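Close look at the chain arrangement
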Amino acid sequence: MDQTPPPPHVFIFPLPLQGPIKCMLKLAELLCLAGVHVTFLNTDHNHRRLLRHTAVQTRFSAYPQFRFDTISDGLPDDHPRSGDRFMDLFDSLEAVSKPLMREMLFSYCRSGDARWPVTCVIADGALTFALEVAEDVGIPLIYFDTISPCGLWSYFCIPKMIDAGEMPFKGNDLDAPIQSVPGMEGFLRQRDLPTFCRVRDMNDRVIQLVMKEAQEVKRSRGLILNTFEELEEPVLSHMRFLYPNLYPIGPLHTHLKTRLGAEPTPPLASSNSLWHEDLSCIAWLDAQPLKSVIYVSIGSLAMMTRDQLVEFWHGLVNSGHRFLWVRRPNSIPGGDWEGQIPEELLVATKERGCIVSWAPQEEVLAHPAVGGFLTHSGWNSTLESMIEAVPMLCWPYFVDQQVNSRFVNEVWKLGIDMKDTCDRVRIEKMVKDLMDVRRDEFVQSAERWAKLAKQSVSEGGSSFCNLKCLIEDIKLMV
Ligand code: UDP
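Overview of the structure. Everything quoted here is computed from the prediction, not taken from an experiment.

About the thresholds
- Residues numbered from 1 in each chain as written.
- Predicted model: local features only at pLDDT ≥ 70, side-chain atom pairs only at ≥ 80, totals over all residues.
- Heavy atoms only, no water.
- Helix = DSSP H or I, 4+ residues; strand = E, 2+ residues; numbered from the N terminus.
- Rg over C-alpha atoms; globule rule 2.2 N^0.38 Å.
- Buried < 20%, exposed > 50% of the residue type's maximum accessible area, 1.4 Å probe, protein only.
- Contact = heavy atoms within 4.5 Å.
- Areas by Shrake-Rupley, 256 points an atom, 1.4 Å probe, with all protein chains shown as cover.
- Lys, Arg positive; Asp, Glu negative; His and termini not counted.
- Charge placed at Lys NZ, Arg CZ, Asp CG, Glu CD.
- Salt bridge = Lys/Arg side-chain N within 4 Å of Asp/Glu carboxyl O.
- Disulfide = S-S within 2.5 Å.
- Near = heavy atom within 4 Å.
- Polar contact = N/O pair within 3.5 Å; in protein donor to acceptor, adjacent residues only side chain to side chain.
- Nonpolar A, V, L, I, M, F, W, Y, C, P; charged D, E, K, R; others polar.
- Phe/Tyr/Trp six-rings, centres within 6.5 Å; stacked < 30°, edge-to-face > 60°.
- Pairing = 2+ DSSP bridges.
- Axes fitted to C-alpha atoms, helices over the stretch in contact; angles between N-to-C directions.
- Parallel < 35°, antiparallel > 145°, perpendicular 65-115°, else oblique.
- Left-handed = near helix turned anticlockwise from the far one by under 90°.

1. Examining the overall build of the chain
Check the secondary structure of the chain and you find 19 helices and 13 strands. Against the compact-globule benchmark of 23 Å for 478 residues, the chain has a radius of gyration of 22 Å, which places it among compact chains. Dimensions along the principal axes, computed over C-alpha positions, put the chain at roughly 80 × 55 × 45 Å. Counting all 478 residues of the chain, 62% fall into the buried class. Expressed as a percentage of contacts within the chain between residues at least 6 apart in sequence, the contacts between residues at least 24 apart total 73%. Accessible surface for the chain amounts to roughly 18800 Å². Of this, 53% is attributable to carbon and sulfur atoms. For the chain, the separation between the mean place of its 48 positive charges and that of its 61 negative charges on side chains is 1 Å.

Dropping the structure here:
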């Protein structure tokens, strides 16, 4: 009888949103390079979009031990999956996808199945039901929180803030300091906490959900993070008291690029986009002077009202700078604004602007014509900008983004935080500050962080070694 143990087989379940999928596909590829078998679970809705807009299947065909599987997210195909409908997706995942996931994992472990048994589950930290499912089936689970560790740590400290009387917020002064998040004393204010912390009722569903996340992560086998030790040292050291098994292995996109650089066989990492990437913006950038363009994008979930759009537009035009603006379909509610834009904005945009519905962002940020990034401070965007030493003007929308923008401004000195403001005069001034007045100051810091990030994913660096530990631990789970 063959006594050879089965190979390590990881079942990866990302939160079915653009940022986590992109991030977890990079982790999947890194695991494949280490010889680990991977099943990657997409929702039917996202998988169709991924296949429509990318060559992901061809890319992963280089790894015979990789396969996709799909699951229903329980929502009709045309149901909005943007940030303003976040909880619809969560509820539906819990009600519909959870039992399907359980069934699927059982079938993967049943003898006689042609596939290797699953030996480890890696699920997004926000999928709090995943641990219970993995336990039912008897498979160890490691969580992966693809948001920023500084943001995550603020979630995990909600009970501390409640005990200290700092939550619910007292009074109406959002500039009031918060003292009970260890590692962030001295610069964290109420307004820098995730917007869901602004509610008065601590039984609010989102508050309860993130508190549950903190508990489930504690019971899991470990927590993977998309950061590097040097960037978030104080936060990580506090986190380790409660969660000793941390694997900070980021920035993942740079980590993968570095590994693929040393491995000539698999094709280069390319797009993992759920929207069609409009490559015409790269041709437009090619025709612009060095560092002259501010890139504007609010990511895959954030929304903008018509009034905010008009303020941003005036601010950008009045700054005199060139701009490349991603306007994701349906990110501005109501379709009536298009016919009401002042002529002067349309003329100026023709002269020195480019608008696309989705861009190849990593390529855009690496382009020599890009000199700044007006961002919603999503964690992937923040890391992608940092690596290319592009200063940021931050307009956070929700979840970890309020914390990220504070760190960008106060801790890492990579740009300006404009949270909770949106008027054309301030935007014009901040764009000028970012692109001209304070540019050198931000670029200097950014270059320093970019260098440390690249070192961390190179042989012997912190993220390199942490990934090695993660892979060894996964192999021990067989
Ligand atoms: N992105 C992209 N093209 C765009 C806008 C965004 O490829 O036009 C990618 C971006 O590179 C990043 C991800 O979408 O990897 C967005 O993730 P992030 O964490 O920044 O924000 P989220 O969309 O989750 O709010």
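2. As for the pattern of salt bridges
Taken as a whole and assessed by the stated rule, the structure comprises 31 salt bridges. Here Asp136 and Arg102 are joined by a salt bridge, their closest N and O atoms 2.8 Å apart. Note that Asp136 is positioned in helix H5 (residues 129-137) and Arg102 in helix H4 (residues 86-109), a separation of 34 residues in sequence. Residue class for Asp136 comes out partly exposed when judged on its relative accessible area of 40%. The salt bridge involving Asp420 is made with Arg198; its shortest N-O contact spans 3.1 Å. Remark: Arg198 occurs in the loop between helix H7 (158-163) and helix H8 (205-219) and Asp420 occurs in the loop between strand S13 (415-417) and helix H17 (424-437); sequence separation between them is 222 residues. Its relative accessible area of 25% is what places Arg198 among the partly exposed residues. Each of Asp175, Arg189, Arg191, Asp192, Arg198, Arg406, Glu410, Asp417, Lys419 and Asp420 takes part in a single network of salt bridges with overlapping partners.

3. Regarding unusual backbone geometry
Following Met167, the chain continues to Pro168 via a peptide bond in cis, the omega torsion being -5°. The topology assignment puts Pro168 in the loop between H7 and H8. Cis geometry is adopted by the peptide bond preceding Pro251, which originates at Gly250 and carries an omega value of -5°. When you line up the elements, Pro251 lands in the loop between strand S7 (246-248) and helix H10 (252-262). One non-glycine residue, Ala389, adopts positive backbone phi at about 55°. Of the residues examined, Ala389 reaches a relative accessible area of 15% and is grouped as buried.

4. A look at the state of the cysteines
Considering all chains together, one arrives at 0 disulfides under this definition. The thiol of Cys109 is unpaired, and the distance to the nearest cysteine sulfur, on Cys120, comes to 12 Å.

5. Brief notes about the site of the ligand
Around the ligand, 19 residues are found, and the nearest of them are Lys22, Ser300, Ala359, Ser381 and Glu384. Contacts to the ligand include Trp379, whose backbone N or O atom sits 3.4 Å from an oxygen atom. Between the ligand and the protein, one listed contact pairs an oxygen atom with a side-chain N or O atom of Asn380 at 2.9 Å. Contact with the protein chains covers 96% of the free accessible surface of the ligand, which is 540 Å². For the shell around the ligand, the secondary-structure elements that each account for two or more residues are helix H1 (18-33), strand S8 (293-297) and helix H15 (379-387). Looking at the shell around the ligand, the element that brings in the most residues is H15, giving 4 residues. Taken together, the residues of the shell around the ligand break down into 5 nonpolar, 12 polar and 2 charged.

6. Observations concerning the packing of aromatic side chains
Working definition: an aromatic ring pair is given by the centre-to-centre distance plus the angle between the planes. With the rule as written, the count across this model stands at 20 aromatic pairs. Between Phe86 and Phe90 the ring centres are 5.3 Å apart and the planes differ by 65°, which places this aromatic pair in the edge-to-face class. Taken together, the residues Phe86 and Phe90, both in helix H4 and 4 residues apart, mark about one turn of the helix. Judged by its relative accessible area of 10%, Phe90 is buried. With 4.9 Å between their ring centres and 80° between their planes, Phe312 and Trp395 make a pair best called edge-to-face.

7. Overview of the environment of Met477
Summarising the element assignment, Met477 is placed in the segment after helix H19 (462-476). It is 37 Å that separates the C-alpha atoms of Met477 and Ser180, two residues lying 297 residues apart in sequence. Apart from the residues lying within four places of it in its own chain, the contact partners of Met477 are Thr119, Cys120, Pro140, Ile142 and Arg221.

8. Side note on the sheet that holds strand S10 (residues 353-356)
Through backbone hydrogen bonds, the strands of a sheet pair up, either in parallel or in antiparallel fashion. Strand order in the open sheet formed by 6 strands is S10-S9-S8-S11-S12-S13, and the pairing between neighbours is parallel. Each end of this open sheet is capped by a strand with a single partner; those strands are S10 and S13. Put simply, the sheet's adjacent strands are angled 15° from each other on average, direction ignored. Summarising the sheet, strand S11 (residues 370-375) and strand S12 (residues 392-394) pair through 3 bridges and their orientation is parallel. Looking at S12, one finds that Thr375 is bridged to Cys394.

9. Points about the packing of helix H6 (residues 149-156) against helix H9 (residues 233-242)
Packing of H6 against H9 leaves a shortest axis separation of 10 Å and a crossing angle of 45°. Classified by the interaxial angle, the pair formed by H6 and H9 is oblique. Between H6 and H9 the crossing geometry is left-handed. Mapping the contact onto sequence places Pro149, Cys150, Leu152 and Trp153 in H6 and Val235, Leu236, His238, Met239 and Leu242 in H9. The residue inventory of the contact of H6 with H9, partitioned by class, reads 8 nonpolar, 1 polar and no charged.

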